[in-house]
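Descriptive analysis of the structure
What follows is the residue order along each chain.
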Amino acid sequence: ISAYCFERCYELTEVNAPNVTSLNSYCFCNSDLVSVDFPLVTTLGDNCFNNCTKLTSIDLPLATSLGARCFYSCTNLTSINIPKITNLGDYSFASCTKLASIDLPLVTTIPTNCFEDCYKLTEVNMPNVTSLNGYCFYNSGLVSADFPLVTTVNYNCFEDCRYLTSVNLPKATSFGDRCFDYCDSLTSISLPSATSLGQYCFDHCTKLAEINIPNVT
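Residues numbered from 1 in each chain as written. Predicted model: local features only at pLDDT ≥ 70, side-chain atom pairs only at ≥ 80, totals over all residues. Heavy atoms only, no water.

Counting its secondary structure elements, the protein contains zero helices and 17 strands. Its C-alpha atoms give the protein a radius of gyration of 18 Å, within 12% of the compact-globule value 17 Å for 217 residues. With respect to the principal axes defined by its C-alpha atoms, the protein has extents near 55 × 25 × 20 Å. Nonlocal contacts in the protein, meaning residues at least 24 apart in sequence, comprise 8% of its contacts between residues at least 6 apart. Accessible surface, the protein: about 9,400 Å² in total, of which carbon and sulfur atoms supply 46%. Side-chain charges in the protein split into 10 positive and 20 negative, and the spacing between the mean points of these groups amounts to 2 Å. (Helix = DSSP H or I, 4+ residues; strand = E, 2+ residues; numbered from the N terminus. Rg over C-alpha atoms; globule rule 2.2 N^0.38 Å. Contact = heavy atoms within 4.5 Å. Areas by Shrake-Rupley, 256 points an atom, 1.4 Å probe, with all protein chains shown as cover. Lys, Arg positive; Asp, Glu negative; His and termini not counted. Charge placed at Lys NZ, Arg CZ, Asp CG, Glu CD.)

Next up, the structure:
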């Protein structure tokens, strides 16, 4: 599907394109699609489904790569099946305000602003992630941050995660500025491998009562 092909097709709710393998930039941006079912698609360009506010479900079983803002502001999206994804773009799912959970077993890096403003996102399964980039979960609904392989947590990563109560980052050595700023439900945290903490890292963590950082100098 070529770039901009169905952009602003406001009445387009259904597409039958079973042999499509590639979706290019802005191809369905601002359309009224309700579901996305492309069984053979492997790559999605930037802004493919940006602002598809009626989109509720995604089934992309062979897709390996999502472009920047691919599903940005898909405010009714609740169901996602993308088991083979290895690469996400910046802001891929930002402002998907009804998204409650996501399973990304092959992804190793969460890019900048990827899940920003996903207010209802409480569960993520990303067992192979090693790097969390800036603002990736900013203002999301995460209750726990369990990333056993992550070594680097960049700036503002979990800022404004007001419901975050549990953090498991056993291998993380570096935490950027404002990483946990305004995580005001966080009561205790252990960062056994941390060697450096950025400015304002735990600012406004008003309930934080206990912290373990044995290697910070």
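Next, the rest of the story.
The next subject is the sheet that holds strand β3 (residues 43–44). Sheet architecture is open: three strands sit in the order β1-β3-β5, paired in parallel fashion. The sheet terminates laterally at β1 (22–23) and β5 (65–66), the two strands that pair on one side only. (Pairing = 2+ DSSP bridges.)

This next bit is on the nonpolar core. Ranked by size, the top nonpolar core spans 65 residues in total, and within it F49, F71, F137, F158 and F180 carry the most contacts. Beyond its immediate sequence surroundings of up to four residues, F180 is in contact with F158, L164, V167, L169, F175, L186, I189, C201, F202, D203 and C205. (Core = buried A, V, L, I, M, F, W, Y, C linked by side-chain atoms within 4.5 Å. Buried < 20%, exposed > 50% of the residue type's maximum accessible area, 1.4 Å probe, protein only.)

Here we take up the side chain of E159. Among the secondary structure elements, E159 is positioned in the loop between β12 (152–153) and β13 (166–168). For E159, the side chain forms a polar contact with the side chain of N156, separated by 2.4 Å. (Polar contact = N/O pair within 3.5 Å; in protein donor to acceptor, adjacent residues only side chain to side chain.)

To continue, consider the packing of aromatic side chains. Across all of its chains, the model carries 17 aromatic pairs by this definition. Aromatic pair Y135 and Y138: ring centres 5.4 Å apart, planes at 65 degrees, arrangement edge-to-face. Judged by its relative accessible area of 19%, Y138 is buried. Note that R69 overlies the ring of Y91, its terminal NZ or CZ placed 4.1 Å from the centroid. The ring centre of Y200 lies 4.1 Å from the NZ or CZ of R178, which sits over that ring. (Phe/Tyr/Trp six-rings, centres within 6.5 Å; stacked < 30°, edge-to-face > 60°. Lys NZ or Arg CZ within 6 Å of the ring centre and 35° of its normal.)

Checked against the element boundaries, Y135 lands in the loop between β10 (131–132) and β11 (144–146). Taking the C-alpha atoms as reference points, Y135 and N154, separated by 19 residues in sequence, lie 7.8 Å from one another. Here Y135 is in contact with N113, C114, E116, Y155, N156, C157 and E159, once residues within four sequence places are set aside.

Now for the environment of K171. For K171, the location among the structural elements is in the loop between β13 and β14 (174–175). For K171 and T206, which are 35 residues apart along the polypeptide, the C-alpha to C-alpha distance reads 25 Å. With sequence-adjacent residues up to four places away left out, K171 is seen in contact with P148, L149, V150, T151 and S193.

This model, assessed by the stated rule, comprises five salt bridges. Note that K54 and D32 form a salt bridge whose closest N and O atoms lie 3.4 Å from each other. Taken together, the positions of K54 in the loop between β3 and β4 (57–59) and D32 in the loop between β1 and β2 (35–37) put the pair 22 residues apart, joining distant regions of the chain. Take D32: its relative accessible area is 14%, and that puts it in the buried class. The residue D184 makes a salt bridge to R162 at a minimum N-O spacing of 2.8 Å. (Salt bridge = Lys/Arg side-chain N within 4 Å of Asp/Glu carboxyl O.)

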